[in-house]
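Letter by letter, the chains look like this.
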Amino acid sequence: MPLGPQSPTWTTWSGVQGGADDINVINTDAHSSPNSIYFTSTATTGGPSDIVLPLGGTYNTGTLVYTHWMKIPTGKKAYLNFQGTGTVGQTYAMNFTFQTSGKLDIDDGSSLTMSATYPQGAWFELKLQANLNTNDWELLINSVSKGHFQNSTFQVNSIDFFASDNTNAFWIDDV
């Protein structure tokens, strides 16, 4: 069953709940049973699933703590981004590209802000802690700090999950 119609919080890139870019809730693998969402694509341009989690407004002061669990099969990729405004596609605040090599690259749309490693083929917790007043962002994977960085856009409004090409395959749970 599609995620959008089941959730008052989640939406899609197009804004159409249950539409072509919605994603099904599955029970074939999960960090905490029974459900998760699974992204994959056969298209070189990605999609069609493109899921957005609005954060309830645009945040540019204070502290942001975001966490979710994910699993990326060995040899596959994953992608997500933070949107900076309420209009999706207007401002990509940060892009997270999980490479097939087990390397995670974070960029601000114009330059690489940080690289780290992530475990392949196993569930792991991704946590982002940010002081939006000082533009200090910290990435933690499985509660281990991978480092701090600054980002050119230090405001967030939503998070977008998208299988960006046909090498993507990943699960998301416990957001």
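Summarised in this report is the structure supplied together with it. (Residues numbered from 1 in each chain as written. Predicted model: local features only at pLDDT ≥ 70, side-chain atom pairs only at ≥ 80, totals over all residues. Heavy atoms only, no water.)

### Section: the pattern of salt bridges
- Enumeration over the complete set of coordinates arrives at 3 salt bridges.
- Residue aspartate 165 pairs with lysine 77 through a salt bridge whose shortest N-O separation is 3.2 Å. Here aspartate 165, found in the loop between β13 (156–162) and β14 (169–173), pairs with lysine 77, found in the loop between β5 (63–71) and β6 (78–83); they are 88 residues apart in sequence, far enough to count as distant. Here aspartate 165 matches lysine 77 in class, with each residue buried. (Salt bridge = Lys/Arg side-chain N within 4 Å of Asp/Glu carboxyl O. Helix = DSSP H or I, 4+ residues; strand = E, 2+ residues; numbered from the N terminus. Buried < 20%, exposed > 50% of the residue type's maximum accessible area, 1.4 Å probe, protein only.)

### Description of the environment of threonine 12
- Inspection of the secondary structure puts threonine 12 in strand β1 (residues 11–12).
- Judged by relative accessible area, threonine 12 falls into the buried class, the value being 3%.
- Sequence separation of threonine 12 and phenylalanine 154 is 142 residues, and the distance between their C-alpha atoms is 23 Å.
- If near-sequence neighbours (up to four positions away) are discounted, threonine 12 is found in contact with Gln17, Asp21, Asp22, Asp50, Ile51 and Val52.
- Reaching out from threonine 12, the side chain makes a polar contact with the backbone nitrogen of valine 16 at a distance of 3.0 Å. (Contact = heavy atoms within 4.5 Å. Polar contact = N/O pair within 3.5 Å; in protein donor to acceptor, adjacent residues only side chain to side chain.)

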